Amino acid sequence: MPHPRTSRPVAVVAGAIAAVLAATPGLTYRVYATREGLVGGTTANGHVIFSRDHFVALPSARGLAPKNTGDYTVRVCTTTRSRCEYAPVWDIGPWNTRDDYWNPSSTREMWKDLPQGRPEAQAAYQSGYNGGRDQFGRTVGSPAGIDLADGTFWDGLLLTDNAWVDVAYLWTGTGTRGRIGSGPLNIRSGPGTSNPVVGLAATYANVPIECSVVGQSVSGPYRTTTQWNRLASGHFVSHAYVSGVTGTIAPC
């Protein structure tokens, strides 16, 4: 029978590996993004939009987070993956309001004959699906499947025009999640502020954490720490700005 001290490190390593493997972003689709704007307006969850705000809109209430939560969060990246932002879903649109296109046909509310991951607006615009109209009978003028608030659009992704993006619907993934309590927080390519900024994480976003490493000490609103969390994208955020964690963060 092995001595307890010989089996203990193995268990720790196995647990760390399992945590890393379990932290997944979930379903990811390439969709067309448009800038929402509408500063001063009110979103579907009651949030009043401010200048350079950070959130997204999806065309179904089935992906809408309550105000001031990240219960539904997406990771939206440029197609080159040069920039990403984690942002909560706080509004409904574009075009449709009952198109949960990320769901399989068995549970999709409308347009069940479309492939999973294909927004109805995209099918209408590109191939004349539904006579080229949305659920309200309007002629679809773009293939948009997600709207980005101005800060997400300009500052998070550094976009200058509407564009195709890769969107991960994080609630369909698994593993540990960390809540960003103070943002928009810089996402970096490594565990220190000298590493390049590769995107942002909005306040209230729930981000998938693979594991943690020791890096530069950072003082933030929740703690002073050398812990940096590696996200499922391979990027890093300081734990000093994480207000809460669901699950366990294992060492990398």
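Residues numbered from 1 in each chain as written. Predicted model: local features only at pLDDT ≥ 70, side-chain atom pairs only at ≥ 80, totals over all residues. Heavy atoms only, no water.

**Topic: the nonpolar core**
Ranked by internal contacts, the top residues of the largest apolar core, which has 21 residues, are Ile146, Leu148 and Tyr169. Secondary structure elements with two or more residues in this core: strand 1 (28-35), strand 2 (56-58), strand 3 (73-78), strand 4 (84-92), strand 5 (144-148) and strand 6 (163-169). Of the residues forming this core, the biggest block, four residues, is contributed by strand 6. For Tyr169, the residues in contact, after removing those within four places along its chain, are Pro25, Gly26, Leu27, Tyr29, Val31, Leu58, Thr73, Val74, Tyr101 and Trp102. If you look at the next biggest cluster of nonpolar residues, it comprises 15 residues, including Tyr86, Ala168, Ile187 and Ile209. (Core = buried A, V, L, I, M, F, W, Y, C linked by side-chain atoms within 4.5 Å. Buried < 20%, exposed > 50% of the residue type's maximum accessible area, 1.4 Å probe, protein only. Helix = DSSP H or I, 4+ residues; strand = E, 2+ residues; numbered from the N terminus. Contact = heavy atoms within 4.5 Å.)

**Some remarks on the state of the cysteines**
As enumerated under the stated definition, the model contains two disulfides in all. Paired through a disulfide, Cys211 and Cys252 show a sulfur-sulfur distance of 1.9 Å. With the S-S bond torsion at 90°, the cross-link from Cys211 to Cys252 turns out right-handed. A residue pair is termed long-range when its members are at least 10 positions apart, and Cys211 in strand 10 (residues 206-219) and Cys252 in the segment after strand 13 (242-246) qualify at 41 residues. When the cysteines engaged in disulfides are numbered in sequence order, the protein chain pairs them as 1-2, 3-4. (Disulfide = S-S within 2.5 Å.)

**Let's talk about the packing of aromatic side chains**
Scanning the entire structure with this criterion turns up 11 aromatic pairs. Centre to centre, the rings of Tyr32 and Trp164 are 5.2 Å apart; their planes meet at 65°, and the pair counts as edge-to-face. Here Trp164 lies in strand 6 and Tyr32 lies in strand 1, a separation of 132 residues in the sequence. Classification of Tyr32 as buried rests on a relative accessible area of 18%. Taking the centre distance of 5.9 Å and the plane angle of 75° together, the rings of Trp111 and Tyr129 count as edge-to-face. In this pair, Trp111 sits in the loop between strand 4 and helix 2 (120-127) while Tyr129 sits in the loop between helix 2 and strand 5, placing the two residues 18 residues apart along the sequence. Note on accessibility: Trp111 and Tyr129 belong to one class, buried. (Phe/Tyr/Trp six-rings, centres within 6.5 Å; stacked < 30°, edge-to-face > 60°.)

**Let's talk about the side chain of Asn103**
Relative to the helices and strands, Asn103 resides in the loop between strand 4 and helix 2. If we skip the residues at most four places from it in the chain, Asn103 touches Arg62, Arg108 and Gln116.

**What about the pairing of strand 7 (residues 177-180)?**
Note that strand 7 and strand 10 share three bridges and pair antiparallel. Bridge pairing links Gly178 to Val207 in strand 10. (Pairing = 2+ DSSP bridges.)

**Digging into the pairing of strand 9 (residues 197-201)**
With four of five residues buried, strand 9 is to be regarded as a mostly interior element. Relative to strand 9, strand 4 is paired through three bridges, and the arrangement is parallel. Within the sheet, the bridge partner assigned to Glu85 lies in strand 9 and is Leu200. Across four bridges, the pairing between strand 8 (residues 185-188) and strand 9 is antiparallel. Pairing of Arg188 across the sheet is with Val197, part of strand 9.

**Here we look at unusual backbone geometry**
Here the residue pair Gly93 and Pro94 is connected by a cis peptide bond, since its omega of 5° sits within 30 degrees of zero. As for its placement among the helices and strands, Pro94 is situated in the loop between strand 4 and helix 2. In this model, Gly183 is joined to Pro184 through a cis peptide bond whose omega is 0°. Relative to the assigned elements, Pro184 resides in the loop between strand 7 and strand 8. The phi dihedral of Asn68 falls on the positive side, at around 60°, and the residue is not glycine. By relative accessible area, which is 37% here, Asn68 ends up partly exposed. At Asn130, a residue that is not glycine, the phi angle is positive and equals roughly 55°. Inspection of the secondary structure assignment puts Asn130 in the loop between helix 2 and strand 5.

All we've got here are geometric facts, nothing functional implied.
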